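Breakdown of the fold
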Amino acid sequence: MAIDFLHQQKGDDMAYQKKQKDDEEFSAGAKAGEGMTVEDLPGVGPKGAQKLKQAGYEDLMSIATASAGTLASVCEIGIPTAEKIINAARDKVDIGGYKTADLVLEKRKDIGKITTGSKSLDALLRGGLETQSITEGYGAFSSGKSQLGFQLSINVQLPKEKGGLNGKCLFIDCEATFRPERIQQMAEAAGLDAKKILKNIFVGKAYNSDHQVLLLEKSKDLIKEQGIKLIIIDSLTAHFRADYTGRGELNPRQQKLNKFIHKLQNFADTYNLAVYVTNQVMARPDIMFGDPTTHVGGHVVGHGTGVRLYLRKSKQTLRIARLIDSPHLPEGEAVFKVTEKGIED
Ligand SMILES: Nc1ncnc2c1ncn2[C@@H]1O[C@H](COP(=O)(O)OP(=O)(O)O)[C@@H](O)[C@H]1O
Ligand SMILES: [Mg+2]
């Protein structure tokens, strides 16, 4: 017993010493703390800055809004060190603070909408998919999640009077289900120049959850330069589910997913663009009797996303969309069709 305890303590000491060493390495060569880049933060040396950037903390804002626990674990440093760095970043950036509601309303006036192609679905969404927020389409296999994404990637390019935003689309394909032929078919059915439509859709194929995160992080310049008005993640959760399967891995998975969703929201706000993510619900027998709307990403997805659309298959081409937990839209249902032409009534 006593020996075990000693062993344990020795292990703890070694772990502590290793952390201390990590912390020292992290801070080696740190500057006094002037300037506005990650390298300039007090307590962050070149090695530390590199670690932070690798973990996705590329600017002061992302550090200022991070939690000490997450930062400590992804950068392998102690919590006190993480807290010090976060506080230093908070001193340097304007983290928003309070705004009067009239200014919030002013910003919301810039919200643009993208038609879904179905009048009934548009009516449910009060005009279509909104910019400045994330819309999640979730449902079983074949419920129309990807088809809606394809249609939106076309419709965002339409002029405003036709229900578009005159913008381009960024598409992160996580399930290898992106089909340009299908988009071509939909565009031609709408009498559009399909080649031009396809040229305005930037596709990134994500091979795993880390790659998915990286693709989004590296998209900032593309978004700015190309005038991206819609980001699609199809699907948001599949890689995260596959990459984190063991017990005890749920927490890191949710943290990483949470961070990814925050990044999406940040892009939606900063560039006034729309985000559409899909999420596949696993077929579960208890769904028949329980709540049919519970979905796999768990609460992170539920709270992080703005509008949640539960999609389900009905007879033949018919699909039913139900609006769940929207902060500003009443709950309701819409019936639409997925046909050769795309999404329609
Ligand atoms: N070219 C097409 N013509 C007509 N219907 C299509 C076409 N392509 C796909 N669909 C319809 O869309 C369904 C697949 O929907 P999809 O959005 O890809 O599913 P998921 O929800 O799994 O992403 C098919 O079962 C079919 O009903
Ligand atoms: Mg799909």
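Shown above is the structure to which this text applies.
Quick caveat: nothing in here was measured; it's all calculated off a predicted structure.

Cut-offs applied
Residues numbered from 1 in each chain as written. Chains lettered and ligands numbered in written order. Predicted model: local features only at pLDDT ≥ 70, side-chain atom pairs only at ≥ 80, totals over all residues. Near = placed C-beta within 6 Å. Helix = DSSP H or I, 4+ residues; strand = E, 2+ residues; numbered from the N terminus. Nonpolar A, V, L, I, M, F, W, Y, C, P; charged D, E, K, R; others polar. Pairing = 2+ DSSP bridges. Axes fitted to C-alpha atoms, helices over the stretch in contact; angles between N-to-C directions. Buried ≥ 20, exposed ≤ 12 C-beta atoms within 10 Å, placed from the backbone. Contact = placed C-beta atoms within 7 Å.

Taken together, 13 residues are adjacent to ligand 1, and Ser142, Lys145, Ser146, Gln147 and Glu340 come closest. For the shell around ligand 1, the elements supplying multiple residues, two or more each, are helix H8 (145–155), helix H9 (180–189) and strand S10 (332–339). For the shell around ligand 1, the class distribution of residues is two nonpolar, eight polar and three charged.

Here the focus is the sheet that holds strand S6 (residues 228–234). Pairing is mixed in the open sheet, where nine strands are placed in the order S5-S4-S6-S7-S3-S8-S9-S10-S11. At either margin of the open sheet sits one strand with a lone partner, and together these are strand S5 (201–205) and strand S11 (342–344). This sheet shows a mean twist of 25° between the axes of neighbouring strands, independent of strand direction. In the sheet, strand S9 (residues 318–324) pairs with S10 via six bridges, with the strands oriented antiparallel. Following the sheet pairing, Arg322 is matched in S10 by Glu333.

In this section: the pairing of strand S3 (residues 134–139). With respect to burial, S3 is a largely interior element, six of its six residues being buried. Burial along S3 is two-sided: Ile134, Glu136 and Tyr138 and Thr135, Gly137 and Gly139, pointing in opposite directions, are all buried. Here six bridges tie S3 to strand S7 (residues 274–280), and the two strands are oriented parallel to one another. The partner of Thr135 across the bridge, within S7, is Tyr276. Note: S3 against strand S8 (residues 307–313), five bridges, orientation parallel. By the bridge assignment for S8, Glu136 is matched with Arg308.

By the secondary structure assignment, Ser143 is in the loop between S3 and H8. Residue Ser143 is classed as buried on the basis of its 23 C-beta neighbours within 10 Å. For Ser143 and Leu311, which are 168 residues apart along the polypeptide, the C-alpha to C-alpha distance reads 5.7 Å. Discounting chain neighbours no more than four positions away, the residues touching Ser143 are Leu311, Arg312, Lys313 and Arg319.

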